[in-house]
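Observations on chain architecture
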Amino acid sequence: MAPILAILALSAWALASPVGASPDDDYHLASTWCATNEDTSLCHLATEEDERSVPNALLIAPCYAFDANESAACQGDSFDTYGDFVDSDRGNFSGAYPPVYYLTMNLFASTNIELSAVVMRIVNVVLFVALTTALYALLPAQRRPTLLWSWAISLVPLGMFLVASNNPSAWAIISAGTLWLALLGFFETTGARKIALGLLAVIATVMGAGSRADAAVYAVIAVGVVTLLTARWERRWILSALLPIVLVMVAIVFYLSTGQSTLVSSGLNSTPNDGVEQNSLGLILHIFLNVPGLWVGVFGNWGLGWLDTLMPAVVWVAGLGCFAALAFSGLASRSLRKLLAVLMVLAALWIIPTFILVQSQVAVGSEVQPRYILPLIVMLGGVALLNARGPRLILSKIQVLGVIAALSVANALALHYNLRRYVTGADQNGLNLDSNLEWWWNIPVGPGAIWILGSLAFAALLVLLAGSITRPSTRRGSTPKSRAGEENNNRNDSARAVSQ
């Protein structure tokens, strides 16, 4: 049931916003429709090499951007006919982004823009659930709670919105949460499972590095984390290390092939913020101390979409609280390697945005957005929850109930606010999403039903996952000594499996 519930929960988010709702969607939609760089019925070549002739509907899709009170009704009947081509340089026509994401999504592009956009979102949802399900089935049992709960505490609300969107950040997020665990399982298993996990690691690397240049950097960080956790001067490990070397080379090739790689030397194109001191020491300190504001944005402290869909404080407080509580509890491990791995990811979370913002001469809040560092948040949560030396993370039923309630409420509120912003505009209030509709898809199910279905599916999914970190009830006749013996035997079995 878990994969079905996950698809239902994320599909509700896929329908919760109109075409063009994710950040820079006019750019990404045009890039998708013109991904083949050929003159087709969907996209024509233009006179200028860095331009394409695209349907005007793709460019005006986010007519509501930056105005939270403007519903998606402003799109009118622009999607009813496929035509009115206009020349535009608003797209990946000069190779700023890697081509893999756009080429894959182009397979689902058609003259029905709305249907195609929704299909692409569902494809991203299915890819996410399929990879997570395959990884769950292949990982050793002690790694499965890490996989499930790293996603659960990291995705609400920004990750839910982006995974079910037309934005290439969807693949960057999926890659970050999949690659490092697949590679860790690759080192800890043998035989067919080892081969399958290695294949998943390759797929995750290509998905991430093939969607965004920063995801290629995150792939290298993931390889570094796994190397730190598993490195041994043994022939078996050295031979297995050939795969991560290849993955790093693939990531580097993708990174260097894109225009985004110039950010290392030039920063983002922007006008310097007058509120920031321009001397280097003051600028670095100012940015460094405010970068954690980006982390909080992942949990809803920043707006969704074009940063104009604001969330109530309950959303980010609940989401951040659950992430901090579980991650901090996971640090009870006595593994030095795990501690160093956590510090590695945390350093990347702090240093990478600081460096880019300093290069760009802008303050936190400009240019760099929480979605850029969300993949690292997912990785940080996973590494913190990793079962290493010491006690496995086990919560009481009351603690688990608190996490389920907090995340379920946060997701339900975020989904409702996101729907409200587009169906009527944020200037209208009320629980009933079906009243005074200004925009909705041409489907027989209303936004209210989608909200209820998505919210319940997510809550039910969390209930199913709860058993992986809930302390089991004491069996009648079982003594503390016998239970301790059972736990030691389980740990010894796991240790032998890993060493083999």
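1. Overview of the packing of aromatic side chains
- This structure, assessed with the given rule, holds 15 aromatic pairs.
- Ring centres of Tyr-101 and Tyr-102 lie 5.8 Å apart, and the angle between their planes is 75°; this geometry places the pair in the edge-to-face category.
- For Tyr-101, a relative accessible area of 1% gives the class buried.
- Judged by its relative accessible area of 2%, Tyr-102 is buried.
- Here Trp-439 and Trp-441 contribute two aromatic rings whose centre-to-centre distance is 5.2 Å and whose plane-to-plane angle is 65°, an arrangement assigned as edge-to-face.
- Among the aromatic side chains, those forming a connected cluster through ring pairs are Tyr-27, Tyr-97, Tyr-101, Tyr-102 and Trp-171.
- Lying across the ring of Tyr-136, Arg-144 places its NZ or CZ 4.8 Å from the centre.

2. Looking at the environment of Val-342
- Its location among the elements puts Val-342 in helix α17 (residues 336-360).
- Among the residues examined, Val-342 registers a relative accessible area of 9% and is labelled buried.
- Taking the C-alpha atoms as reference, Val-342 lies 9.2 Å from Gly-382; in sequence the two are 40 residues apart.
- Those residues in contact with Val-342, other than ones at most four positions away along the chain, are Leu-331, Leu-380, Val-383 and Ala-384.

3. Some points on the packing of helix α5 (residues 113-138) against helix α6 (residues 144-152)
- Closest axis-to-axis distance for the α5/α6 pair is 9 Å, and the angle between their directions is 155°. Taken together, the axes of α5 and α6 lie roughly antiparallel to each other. For the crossing formed where α5 meets α6, the hand is left-handed. Taken together, the residues of α6 that come into contact with α5 (itself represented by Phe-128, Thr-132, Leu-135, Tyr-136 and Ala-137) are Arg-144, Leu-147, Leu-148 and Trp-151.
- Of the residues contributing to the contact of α5 with α6, the split by class is seven nonpolar, one polar and one charged.

Thresholds, definitions, all that
- Residues numbered from 1 in each chain as written.
- Predicted model: local features only at pLDDT ≥ 70, side-chain atom pairs only at ≥ 80, totals over all residues.
- Heavy atoms only, no water.
- Phe/Tyr/Trp six-rings, centres within 6.5 Å; stacked < 30°, edge-to-face > 60°.
- Buried < 20%, exposed > 50% of the residue type's maximum accessible area, 1.4 Å probe, protein only.
- Lys NZ or Arg CZ within 6 Å of the ring centre and 35° of its normal.
- Helix = DSSP H or I, 4+ residues; strand = E, 2+ residues; numbered from the N terminus.
- Contact = heavy atoms within 4.5 Å.
- Axes fitted to C-alpha atoms, helices over the stretch in contact; angles between N-to-C directions.
- Parallel < 35°, antiparallel > 145°, perpendicular 65-115°, else oblique.
- Left-handed = near helix turned anticlockwise from the far one by under 90°.
- Nonpolar A, V, L, I, M, F, W, Y, C, P; charged D, E, K, R; others polar.

Remember, this is a structural readout, not a statement about activity or role.
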